[in-house]
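Topology and contacts: notes
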Amino acid sequence: MPEDQGAPASPREARSSPDRSSPAPAASPHPQILAPGSPVPRRGAVRASVPQKLAEALSSQYGLNVFVAGLLLLLAWAVHASGVGKSDLLCVLTALMLLQLLWMLWYVGRSAAHRRLTRPKDTHAGARWLRGSIALFAFITVILGGLKVGYFVGFSACLSVTEGVFPVTHTVHTLVQVYFLWVHAKDIIQSFKTLERFGVIHSVFTNLLLWANSVLNESKHQLNEHKERLITLGFGNITIVLDDHTPPCNCSPPALCAAISHGIYYLYPFNIEYQILASTMLYVLWKNIGRRVDGCRHPKIQFKFRGLAAGSALGLAALAATIGVVVVYLIQIGRSKTKSESALTMFYLYATTLLALMGVAGLVGIRIYRLSEQSLDESKNPARRLDADLLVATASGSWLLSWGSILAMLCAKARPAYTWYNLPYSVLVIVEKYIQNLFIIESTYREPGELSDSIRTLRVVTVCNGSDAPLASPGLKGGAAVGEDVAPQDGWVPPAADGSMCLREGSGEGDAGPSWEGAWGPAGRPHFLQGNVKRSVLRNVTAFLFLCNISLWIPPAFGCRPEYDNGLEETVFGFEPWIIVVNLAMPFSIFYRMHAAASLFEVYCKI
């Protein structure tokens, strides 16, 4: 093309030569060149996102500072620092909850006043089953608040008023927050974005501090019980000093107060899961502020309870075995040295068997995905990204404990017989979580089965035609949602090559739709068709792993912790260093199992 017919190379040339004319712009990989007389793009449009980036950075730093200050206050109370009492800690937590309550009420009121406006939604965030789970945990948290109020009434003669105000405030905070998440978890906030960023991030770290407070209280209770049991295993050289915060006065009636005190610690695991689950949902809401969403329709996830006989039976058997093992463990541990060693041996054998089965199931699922050509979902999804990051991050807690146990086995001078079972158990904990994380992450990034079948249909038709036509066709114009039949529109049908069709209509209940025979991919290998058998195997694998993760969540959540009772690690590393490691890593290990179970449930609904 002659040089004088092209468009000017810059806006300056466009302004200096207004008489030049140019043809219609051709497709080019280079940035678009402005035609003469066209408006110059405004720099303000490019800079419009700068304040929002600054607000995101400022709000995240504000949240981190609140969290770090709160953690230091928790640590000061835990180590009995002078001038820091429990009432000071509860005052700070109550103030943070009240501030979050004010923001949530303001947001709910403003949303109600503008309810007629159409707001964008993130269809991946705040799934119904997720909101149902948080509502269940919140209900148990409200019961926990009632028990704490009863505990305060029984010891009111020697407790600060803040210990009665805190559970009441926490109960109101829980009820309002559950309503807020149930109604607004899918919101993509586009107005008052700077204010909303600070409000949401404040809510995230407030819930994290409440989670840390619950973890600390529950860990101190478990540690006291552990110290009382150590002497039965023959570790008499460890000084037993109870770190107790029991009120210095009597409670009446004593039997009721003892029941309330024990009930509080049995409900703490559910409260811990509620706080961390609420913080993750709020974090997704924070990431969605100001986000631009595409106009495509997203799949609607549905739960199908079909073809789950094998996976459900094995998973329920594992769950029943877990309950039996936990009951026997808690009864025998600490009674005598012989009973404690037999309880530890029983737990290691049970956990080793279960972890081995879970690892095999995960490998089967990964292998099926490797053999299939199921499409990948590459859309932007903050909730999915957070789930994957949390899986790897929280798994590091168990990996830390497992490597500590392996190192203790290698370095110990004396190894009792029951401690040898700890070695395969620790190795399998590392391997099983590695395999399960790969299976879950790959599953979440796969397109749902029915939509992937439709995409593969177009690929096979293209191969049969022997052409390089793109996959987009009139039959998929506008995009098809999951679960909908991808039917030809406007009479469009795939052309045949040499008068022969590769398309064969499926018949019978087992066929999910049209199928192709003899179709080969570009690499010369056959296409693995989506079928009910493959989906059934994946569903059974997912159901089994789901129930097994619930099973492995129960023992540490309710006091069955061999990392405490084994004793070998404490001899090698020292009592206090190992207890610090366990107290830091155990909350992440417990949360991993519940989070993995939630992710597997979502994976099952997509298969």
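Everything numeric in this text was worked out from a predicted model, so none of it was measured.

Description of empty space enclosed by the protein
Scanning the model with the defined rule gives five cavities of 30 Å³ or more in all. Of the volumes computed, that of the largest cavity is approximately 280 Å³. The wall of the largest cavity is formed by 21 residues, among which Ser-398, Tyr-425, Val-429, Glu-563 and Ser-589 lie closest to the centre. The set of elements that each furnish at least two residues to the lining of the largest cavity consists of helix H10 (337–371), helix H11 (382–411), helix H12 (422–444), helix H14 (532–557), helix H15 (562–565) and helix H17 (575–606). In terms of residue count, H12 provides more of the lining of the largest cavity than any other element does, five residues in total. When its residues are assigned to classes, the lining of the largest cavity shows 12 nonpolar, six polar and three charged.

Side note on the packing of helix H4 (residues 86–113) against helix H6 (residues 162–184)
Running from N to C, H4 and H6 point in directions that differ by 30°, and their axes come no closer than 9 Å. The angle between H4 and H6 falls in the class roughly parallel. As for the relative orientation of H4 and H6, their crossing is left-handed in sense.

Looking at the side chain of Asn-549
On the secondary structure map, Asn-549 appears in helix H14. There is a polar contact of 2.9 Å between the side chain of Asn-549 and the side chain of Arg-593. In this view, Asn-549 contacts Met-358, Gln-436, Tyr-592, Arg-593, Ala-596, Ala-597 and Leu-600; residues no more than four positions away in its chain are not counted.

Describing helix H8 (residues 254–287)
Between its terminal C-alpha atoms H8 stretches 49 Å, which fits the 50 Å expected from 34 residues at 1.5 Å a residue. The sharpest bend along H8 reaches about 40° and sits at Tyr-268, with the proline Pro-269 one to four residues further on.

Looking at the packing of aromatic side chains
Inspection of the entire model under this criterion finds 21 aromatic pairs. Judged by centre distance (5.8 Å) and plane angle (50°), the ring pair of Tyr-62 and Phe-198 falls under tilted. Of the two residues, Tyr-62 is situated in helix H3 (residues 50–78) and Phe-198 in helix H7 (residues 193–230); the sequence distance between them amounts to 136 residues. What makes Tyr-62 partly exposed here is its relative accessible area of 29%. A ring pair is formed by Phe-137 and Phe-270, whose centres lie 6.4 Å apart and whose planes are at 35°; its orientation type is tilted. With Phe-137 in helix H5 (residues 128–154) and Phe-270 in helix H8, the pair connects residues that are 133 residues apart, well separated along the chain.

Considering the environment of Leu-600
Relative to the assigned elements, Leu-600 resides in helix H17. Residue Leu-600 is classed as buried on the basis of its relative accessible area of 0%. For the pair Leu-600 and Phe-439, spaced 161 residues apart in sequence, the C-alpha separation works out to 9.3 Å. Beyond its immediate chain neighbours, meaning those up to four positions away, Leu-600 contacts Gln-436, Phe-439, Ile-440, Thr-542, Leu-545, Phe-546 and Asn-549.

Remarks on the nonpolar core
Ile-134, Phe-180, Leu-181, Val-200, Val-204 and Trp-553 are the most contacted members of the largest nonpolar core, which has 75 residues in total. Per-element accounting of this core gives the leading share, 15 residues, to H8. Not counting the four nearest positions on each side in its chain, Phe-180 is found in contact with Trp-103, Met-104, Tyr-107, Val-108, Ala-185, Leu-282 and Leu-285. Among the nonpolar cores identified, the runner-up in size contains 37 residues, and Tyr-348, Ala-351, Leu-552 and Val-603 belong to it.

Structural notes on the confidence of the model for the protein
Low pLDDT means the predicted atomic positions in that stretch should not be read closely. Per-residue confidence for the protein averages 75 on the pLDDT scale, and 69% of its residues sit at or above 70. The model gives residues 1–46 a pLDDT under 50, and that stretch makes 24 contacts with residues more than four places away or in other chains. A low-confidence stretch, residues 450–529 (pLDDT under 50), is modelled with 86 contacts involving residues beyond four sequence positions or located in other chains.

Comments concerning the side chain of Ser-59
The topology assignment puts Ser-59 in helix H3. In this structure Ser-59 comes out as buried when scored by relative accessible area, which is 0%. If we skip the residues at most four places from it in the chain, Ser-59 touches Arg-197, Phe-198, Ile-201 and Trp-286.

Definitions and cut-offs
- Residues numbered from 1 in each chain as written.
- Predicted model: local features only at pLDDT ≥ 70, side-chain atom pairs only at ≥ 80, totals over all residues.
- Heavy atoms only, no water.
- 1 Å grid on protein atoms, 1.4 Å probe; cavity = no way out; pocket = protein on both sides within 12 Å on 5 of 7 lines; lining within 4 Å.
- Points joined across faces, edges and corners; volume = space filled by probe spheres on them.
- Helix = DSSP H or I, 4+ residues; strand = E, 2+ residues; numbered from the N terminus.
- Nonpolar A, V, L, I, M, F, W, Y, C, P; charged D, E, K, R; others polar.
- Axes fitted to C-alpha atoms, helices over the stretch in contact; angles between N-to-C directions.
- Parallel < 35°, antiparallel > 145°, perpendicular 65-115°, else oblique.
- Left-handed = near helix turned anticlockwise from the far one by under 90°.
- Polar contact = N/O pair within 3.5 Å; in protein donor to acceptor, adjacent residues only side chain to side chain.
- Contact = heavy atoms within 4.5 Å.
- Expected span 1.5 Å × (residues − 1).
- Bend = angle between axes of the 7 residues up to and from the residue.
- Phe/Tyr/Trp six-rings, centres within 6.5 Å; stacked < 30°, edge-to-face > 60°.
- Buried < 20%, exposed > 50% of the residue type's maximum accessible area, 1.4 Å probe, protein only.
- Core = buried A, V, L, I, M, F, W, Y, C linked by side-chain atoms within 4.5 Å.
- pLDDT = per-residue confidence, 0-100.

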